[in-house]
Amino acid sequence: MQDRTYTADAEPGDDATVAGWVHEIRDLGGIAFLILRDATGKIQVKFEKDEMDDELVDTGLGVSRESVVSVTGTVEEEPRAPTGVEVTPESVDVISAADPELPLDPSGKVDADLSTRLDNRTLDLRKDEVQAVFEIRAEILRAVREQFREFYCTEINTPKIVATGTEGGTELFPITYFGEEAFMNQSPQLFKQLIAGSNVERVFEIGPIFRAEEHNTPRHLNEATSIDFEGAFCDQNDAMDVAEGIVKAAYEAVTENCSEELEALGLEEEFEVPEGDFPRLSYEEAIERINATGELDEQLVWGDDLPTEGEKALGDDVGGHYFITDWPSEIKPFYIKDHDDDEQLSTGFDLMHPRMELVSGGQREHRHEHLIEGFEQQGLDPDQFEYYTKMFKYGMPPHAGFGLGGERLIMTILGLDNIREAVLFPRDRQRLSP
Ligand code: ATP
Ligand code: AMO
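Residues numbered from 1 in each chain as written. Chains lettered and ligands numbered in written order. Predicted model: local features only at pLDDT ≥ 70, side-chain atom pairs only at ≥ 80, totals over all residues. Heavy atoms only, no water.

J.: Would you explain the overall build of the protein chain in this entry?
T.: From N to C terminus, the protein chain includes 12 helices and 18 strands. C-alpha extents for the protein chain along the principal axes are approximately 90 × 55 × 40 Å. By the burial criterion, 50% of the 434 residues in the protein chain qualify as buried. Summarising the internal contacts of the protein chain: among those between residues at least 6 apart in sequence, 64% fall at separations of at least 24. As displayed, the protein chain offers around 21,100 Å² of accessible surface, 45% of which is attributable to carbon and sulfur atoms. (Helix = DSSP H or I, 4+ residues; strand = E, 2+ residues; numbered from the N terminus. Buried < 20%, exposed > 50% of the residue type's maximum accessible area, 1.4 Å probe, protein only. Contact = heavy atoms within 4.5 Å. Areas by Shrake-Rupley, 256 points an atom, 1.4 Å probe, with all protein chains shown as cover.)

J.: What's the story with the pattern of salt bridges in this structure? I'm lost.
T.: A side chain of one charge can pair with a side chain of the opposite charge when the charged atoms of the two come close. In this structure the tally under the stated criterion is 31 salt bridges. Between Asp27 and Lys49 there is a salt bridge; the shortest N-O distance is 2.5 Å. With Asp27 in strand 1 (residues 15–27) and Lys49 in the loop between strand 3 (41–48) and helix 1 (54–62), the pair connects residues that are 22 residues apart, well separated along the chain. With a relative accessible area of 46%, Asp27 lands in the partly exposed category. Assessed through its relative accessible area of 25%, Lys49 is described here as partly exposed. When the shortest N-O distance is used, the salt bridge between Arg289 and Asp317 registers 3.1 Å. Taken together, the residues Arg289 in helix 8 (residues 283–293) and Asp317 in helix 9 (residues 308–318) connect sequence positions 28 residues apart. Residue classification places Arg289 among the partly exposed positions, given a relative accessible area of 32%. Relative accessible area serves as the criterion here: at 38%, Asp317 is assigned to the partly exposed category. (Salt bridge = Lys/Arg side-chain N within 4 Å of Asp/Glu carboxyl O.)

Keep in mind these values describe shape, not function.
Structure, rendered in structure tokens:
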């Protein structure tokens, strides 16, 4: 590419070539402006019709919006220009002309529905507020990685094509693997445990999970990003400390490093990092508090899973992030350990944002014979999981971990209405392309 100056770096006095998209053309009669946009911002290009070469004026002002152009000229100070500088062009090169019929308006003056936006993500991302979401997403993932490293964790990558499911059979996507039935992985659960059981001890993974979720909701995806942790010699309380640290690190990174993006989203005033320790409520206290709100038609009893309206009522009541601990064993998966003194009670926990569940985790069953019993109790065939269970015979320390939904984290941090806004190309029941 020829030497190119980012619009944000164009200084008065420079002879520069700026290149980007035609954001807008404003024709005021004798004078007209082309607003050129690139990754760093926008710059005004001035056309004085009577004083400039006709061909230059025709090219610069005849180009359709969203075309890609490069402009070479002199950068000058101009207090009336939106960024305080403008370019007086010597040449304008139309690199890629855009069809004047755009499927959506990147200037945002005309609203587009989410489906049109997702069908035309390239155009959608040209909007400052949409780009801001993905800049913040990148910053959150960076901060999460850094925080895990500070917690002495090693980043791992585990297979996404697997032989068995772990999080409930109905949500599996089956595929054919050289003539054999296989599945897209629902969670790195078993693999992260196998690695925590080596002397790597503490691991994390940020990767895709695949779930054939039945429902089409604003908080479920069929392909999501899971932020997983697993640590040897950890119990559920240690895992909760790590989960809390990771969530807070994400908020802190956004406040510290994303002020422009927060402004683009109109959040600069209201954005807050959660303060203080996240309260830890037992499942029993949680159902009592939900029942006391009177929001549910039927009172919850011990053993019930929490319905969405119940989670919302409790979220309003608590008013911030909180953990629910000590769930009934029967509604937690086989790999979650029970309390030693009460086998009806599990070490499983969830971390809740007032709007929804963010995290599930717990201490794991590390005793081989108890693990095999757990499979049988949940109607699973332990033989199918032999690749996993056999490692519990060769020295498996107590360990604990969690899975945090990456898009749910981004969605709750930014107050997005729909989880699809936190993914570039979401997969849902209706959407397999782009
Ligand atoms: P000229 O500025 O060459 O005399 P003109 O008579 O067509 O051309 P003006 O009357 O000066 O234009 O300005 C028209 C509008 O454009 C005014 O509102 C003015 O504030 C604005 N304007 C003029 N020059 C600039 C500039 N360089 N950047 C931003 N706004 C400008
Ligand atoms: P769980 O199934 O609760 O636990 O998933 C962990 C977290 O992942 C997110 N999540 C989703 N986000 C968007 N769309 C989905 N379809 C979706 N499914 C899950 C949620 C959820 O809290 N193996 C355990 C974790 C562990 O114990 O380590 C597991 O997968 O934010």
